[in-house]
Amino acid sequence: MGIENRVALITGSASGMGKQTARLMAENGAKVVINDIQADKVAETVEAFKKDGFDVIGQVANIADKAAVEAMVENCVKAFGRLDILVNNAGMERAGALRKLSEADWDLTIDVNLKGAFLCSQAAHNHMVPNNHGRIINIVSRAWLGGAGQAPYSSAKAGLIGLSRVLALELGGKGITSNCIAPGLIHTPLWDQLEEKSKKFLLSKQPTGSLGTIDDIAEAAMFLADDESSYFTGQVLYVCGGRSLFSG
Ligand SMILES: NC(=O)c1ccc[n+]([C@@H]2O[C@H](COP(=O)([O-])OP(=O)(O)OC[C@H]3O[C@@H](n4cnc5c(N)ncnc54)[C@H](O)[C@@H]3O)[C@@H](O)[C@H]2O)c1
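## With respect to unusual backbone geometry
Here is step 1 of the chain: Phi angles above zero are rare outside glycine, and N5 is one such case at about 65°.
Here is step 2 of the chain: Tracing the backbone shows N5 in the segment before strand 1 (7-10).
Here is step 3 of the chain: In this structure N5 comes out as exposed when scored by C-beta crowding, with 12 C-beta atoms within 10 Å.
Here is step 4 of the chain: Of note in the backbone geometry, N132 takes a positive phi value of approximately 55° without being a glycine.

Structure below.
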C-alpha cells in the first residue's frame, strides 16, 4: 500500500498543483522528478525539496517537444532506475471568444495540454510495461464540459479525457491505470488577481460556495497513484465543489 520508493514524474511541477502533488508524493516516500519549461523555477523547487530531505531531480523540458520528452524520461530512468507514476499536469490556456482566437492560440493550447500528455504517456509507458505496474494521472478541468471563451482549452481537456480512456483500455492488462482529475475553481495566484465582482459571481455558481485548494488536487492524485488503486481506471475524478453537476 502507498507509494513508498515509487518514482513519480510530475509535469509542470515547478508551480501550483503540480508542485504540491510532487511535495505530497515525496512526503509519502516517492522519488520525484520536477519537470517544467521554466528553468529557474525548476532549480528553485529542486533546491527546496532537497533541503526538506526529499529524493528529487529536476528536468527542464517542453512537454510538447518529442525529443525533449524522450530525453527527460530516459534521464528519470537513469537517475532512479524505473518510472512508476506519471502525472500529466502541465497546462496553460489561451482564452477568448471564437472570433478573437488565433490559429496560434489554438495550436499552443492543444500542443501543451493534449499533445504533451500524449508524448509523455508514450515515452513513460515503455518503462511501466516491463514492471507490470504504472499509474498515469491526467489533470484535465471541469471546463472540458464546456466554457464560453474556452474553445481551445475545453477541446484540449476533452481530448485528454479521450486519450486517458484509450490508455486505460490499451494498458489495463499490463497493470497500468489511467485516470483523470478534473479540478474546478482552485485557489491559485490567478484567483487573487480577480476583481471582487468576478470572485463573487464565480463563487455563486459553486454548490459548496467555496474554492478548492492545491492540497485537494494533490490528495486526489495520491489516491490514484497508490499501489492499492489498481481497480480504478478510465475514470474522471471531479474535484470541483460540485460545479460539474450543471453546465454553463
Ligand atoms: N488553477 C485552476 O483553477 C485549474 C482548474 C482546472 C484545471 N487546471 C489544470 O491544472 C493543471 C495545473 O494548473 P495550475 O493552476 O497549477 O497551473 P500553474 O500555471 O501554476 O502551473 C503549470 C505549470 O506548467 C508549466 N508549463 C506550461 N507549459 C509547459 C510546457 N510546454 N512544458 C512543461 N511545462 C509547462 C508552467 O511553466 C507552470 O509552471 C493545468 O493542467 C491546468 O490546466 C487548473
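## Topic: helix 8 (residues 214-225)
Here is step 1 of the chain: In this model helix 8 runs 16 Å from its N-terminal to its C-terminal C-alpha over twelve residues, within 8% of the 16 Å that 1.5 Å per residue would give.
Here is step 2 of the chain: Taking burial as the measure, the twelve residues of helix 8 include nine buried ones, the bulk of the element.
Here is step 3 of the chain: Those residues of helix 8 that are buried lie in contact with strand 1, helix 1 (16-27), strand 4 (85-88), strand 5 (134-139), strand 6 (176-183) and strand 7 (236-239).

## Thoughts on the site of the ligand
Here is step 1 of the chain: Not every one of the 26 residues close to the ligand is listed here, only the nearest: G12, S15, G16, G91 and S141.
Here is step 2 of the chain: Looking at the shell around the ligand, the elements that each hand over two or more residues are helix 1, strand 2 (31-36) and helix 4 (103-128).
Here is step 3 of the chain: Per-element tally for the shell around the ligand: the top contributor is helix 1, with three residues.
Here is step 4 of the chain: Looking at side-chain class alone, the shell around the ligand contains twelve nonpolar, 13 polar and one charged residues.

## Topic: the packing of helix 4 against helix 5 (residues 151-171)
Here is step 1 of the chain: Contact pair helix 4 / helix 5: the axes reach a minimum separation of 8 Å and the direction vectors enclose 15°. In terms of their interaxial angle, helix 4 and helix 5 are classed as roughly parallel. The two elements helix 4 and helix 5 cross, and the hand of that crossing is right-handed. Residues D105, W106, T109, I110, N113, L114, A117, F118, S121 and H125 of helix 4 pack against P152, Y153, S155, A156, K157, G159, L160, L163, L167 and L171 of helix 5.
Here is step 2 of the chain: Class assignment of the residues belonging to the contact of helix 4 with helix 5 gives a composition of twelve nonpolar, six polar and two charged.

## Some remarks on the sheet that holds strand 7
Here is step 1 of the chain: Strand order in the open sheet formed by seven strands is 3-2-1-4-5-6-7, with parallel pairing between adjacent strands. Taken across any chain shown, the strands that pair with only one partner, and hence form the sheet edges, are strand 3 (56-60) and strand 7. Direction aside, neighbouring strands of the sheet carry axes that sit 20° apart on average.
Here is step 2 of the chain: Of the strand pairs in this sheet, strand 2 and strand 3 are connected by five bridges, and their pairing is parallel. Counterpart to D36 in the pairing with strand 3 is V60.
Here is step 3 of the chain: The sheet strands contacting helix 4 are strand 1, strand 4, strand 5 and strand 6, and the helix crosses strand 4 at an angle near 175°.

## Thoughts on the pairing of strand 5
Here is step 1 of the chain: In terms of burial, strand 5 is largely enclosed, as six of its six residues are buried.
Here is step 2 of the chain: By the alternation rule, side chains of strand 5 split into G134, I136 and N138 and R135, I137 and I139, which are all buried.
Here is step 3 of the chain: The pairing of strand 4 with strand 5 spans four bridges and is parallel. Looking at the pairing, L86 lines up with I136 of strand 5.
Here is step 4 of the chain: At this point the chain moves from strand 4, through helix 4, to the parallel strand 5, and the crossover so formed is right-handed.
Here is step 5 of the chain: Across six bridges, the pairing between strand 5 and strand 6 is parallel. Among the inter-strand pairings, N138 is bridged to a residue of strand 6, identified as C180.
Here is step 6 of the chain: At this point the chain moves from strand 5, through helix 5, to the parallel strand 6, and the crossover so formed is right-handed.

Conventions we followed
- Residues numbered from 1 in each chain as written.
- Predicted model: local features only at pLDDT ≥ 70, side-chain atom pairs only at ≥ 80, totals over all residues.
- Helix = DSSP H or I, 4+ residues; strand = E, 2+ residues; numbered from the N terminus.
- Buried ≥ 20, exposed ≤ 12 C-beta atoms within 10 Å, placed from the backbone.
- Expected span 1.5 Å × (residues − 1).
- Contact = placed C-beta atoms within 7 Å.
- Near = placed C-beta within 6 Å.
- Nonpolar A, V, L, I, M, F, W, Y, C, P; charged D, E, K, R; others polar.
- Axes fitted to C-alpha atoms, helices over the stretch in contact; angles between N-to-C directions.
- Parallel < 35°, antiparallel > 145°, perpendicular 65-115°, else oblique.
- Left-handed = near helix turned anticlockwise from the far one by under 90°.
- Pairing = 2+ DSSP bridges.
- Right-handed = clockwise from strand over helix to strand, strands pointing away.

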